[in-house]
Amino acid sequence: MKVEIKYRDSKSSDLASIEKLYPEAFPDEDLVPLVSELLQETSDILSLVAYRKASLVGHVIFTRCRISNNSNACALLGPLAVDPARQGQGIGSAIVRLGLERLVNVGVSDVFVLGDPAYYVRFGFQPRAGVEAPYTLPEEWREAWQSLSLTDEASSLKGKLLLPQPWLNPSLWIA
């Protein structure tokens, strides 16, 4: 019998499981401080979890943000983590798609991500030159800075992405 994966908004009771998930999914990165701080920014984030039976198997955060000199509502996707034993089963894709649908419904026009282009292309993300990350990215990360327009119009946004304090740690953006 196949056990269904369910998705929902995260709750404060998920915090311990979320904080356990990130070191398992990213053993070479310490994302727990960022995730913990973001989860305290409840008005600026969309935090979704995936679970199987009673076990949390995936998590994603979308942080609401804006671009300098622009009033469009935007979001930054990340971090995204899936239990290593469950990777490759579509959990990450499903939770990202759910988040993107929810963002469309609240009027977000564009979503940005600093991530693997081979992974994020499946959602329609493309390299982005017009909007700058909060810090100058290393040259080898330029293709990883991507965006997705959630509207029918081609996005011509230009400026610098303005994010809440938890994202303003240079080590998140500079190698």
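The following refers to the structure shown. (Residues numbered from 1 in each chain as written. Predicted model: local features only at pLDDT ≥ 70, side-chain atom pairs only at ≥ 80, totals over all residues. Heavy atoms only, no water.)

Here we come to the overall build of the protein. When helices and strands are tallied, the protein shows four helices and nine strands. The secondary structure elements of the protein, listed N-terminal to C-terminal, are β-α-α-β-β-β-α-β-α-β-β-β-β. For 175 residues, the compact-globule estimate of 2.2 N^0.38 gives 16 Å, and the protein sits close to it at 16 Å. Each principal axis of the C-alpha atoms in the protein carries an extent, and together these give about 50 × 35 × 30 Å. By residue count, 45% of the 175 residues in the protein fall in the buried class. Looking at the protein alone, contacts between residues at least 24 apart form 70% of all its contacts between residues at least 6 apart. Counting 17 positive and 21 negative side-chain charges, the protein places the averaged centre of each group 7 Å from the other. (Helix = DSSP H or I, 4+ residues; strand = E, 2+ residues; numbered from the N terminus. Rg over C-alpha atoms; globule rule 2.2 N^0.38 Å. Buried < 20%, exposed > 50% of the residue type's maximum accessible area, 1.4 Å probe, protein only. Contact = heavy atoms within 4.5 Å. Lys, Arg positive; Asp, Glu negative; His and termini not counted. Charge placed at Lys NZ, Arg CZ, Asp CG, Glu CD.)

The next thing to look at is the nonpolar core. Grouped together as the largest cluster of nonpolar side chains are 29 residues, with contacts concentrated most on Leu-76, Phe-112, Trp-145, Leu-161 and Trp-173. Broken down by secondary-structure element, the contributors of at least two residues to this core are α1 (15–25), α2 (32–40), β2 (45–52), β3 (55–67) and β4 (74–82). Broken down by element, this core gets its largest block of residues, five residues, from α2. The residues touching Trp-173, leaving out its near neighbours within four places in the chain, are Leu-76, Leu-114, Ala-133, Pro-134, Tyr-135, Thr-136, Leu-137, Pro-138, Trp-141, Trp-145, Leu-163 and Trp-167. Counting 25 residues, the second-largest nonpolar core is a separate cluster that includes Val-57, Val-60, Phe-123 and Leu-150. (Core = buried A, V, L, I, M, F, W, Y, C linked by side-chain atoms within 4.5 Å.)

With that settled, consider the pairing of β3. The buried fraction of β3 is high, at ten of 13 residues. Direction of pairing for β2 relative to β3: antiparallel, over a ladder of eight bridges. When the bridges of β3 are listed, Ser-47 appears paired with Ile-61. As consecutive antiparallel partners, β3 and β4 are separated by six residues, and within that stretch Asn-69 has a phi angle of approximately 60°, a positive value. Sheet topology places β3 next to strand β9 (residues 159–162); two bridges connect them, and they run antiparallel. Within the sheet, the bridge partner assigned to Ile-67 lies in β9 and is Leu-161. (Pairing = 2+ DSSP bridges.)

As a further point, take the environment of Thr-136. One can find Thr-136 in the loop between β7 (131–132) and β8 (145–149). On the basis of relative accessible area, Thr-136 is assigned to the exposed category, the value being 65%. When the C-alpha positions of Thr-136 and Thr-42 are compared, they lie 27 Å apart, and in sequence the two are 94 residues distant.

Before going further, it helps to spend a moment on the side chain of Gln-146. By the secondary structure assignment, Gln-146 is in strand β8. The exposure class assigned to Gln-146 is buried, which follows from its relative accessible area of 1%. A polar contact of 2.8 Å, which involves the side chain of Gln-146, links it to the backbone oxygen of Gly-115. Within the structure, the side chain of Gln-146 is placed 2.9 Å from the backbone oxygen of Ala-144, a separation counted as a polar contact. Beyond its immediate chain neighbours, meaning those up to four positions away, Gln-146 contacts Val-111, Phe-112, Val-113, Gly-115, Asp-116, Pro-117, Tyr-120, Phe-125, Gln-126, Pro-127 and Arg-128. (Polar contact = N/O pair within 3.5 Å; in protein donor to acceptor, adjacent residues only side chain to side chain.)

Within the sequence span of α1, burial applies to Ile-18, Leu-21, Tyr-22 and Ala-25. When α1 is viewed along its axis, its buried side chains cluster within an angular range of 95° and face the same direction. For α1, the exposed residues lying more than 90 degrees away from the buried face are Ala-16 and Lys-20. As for α1, its buried residues are in contact with α2, β2, β3 and β4. (Arc of directions from axis to C-beta.)

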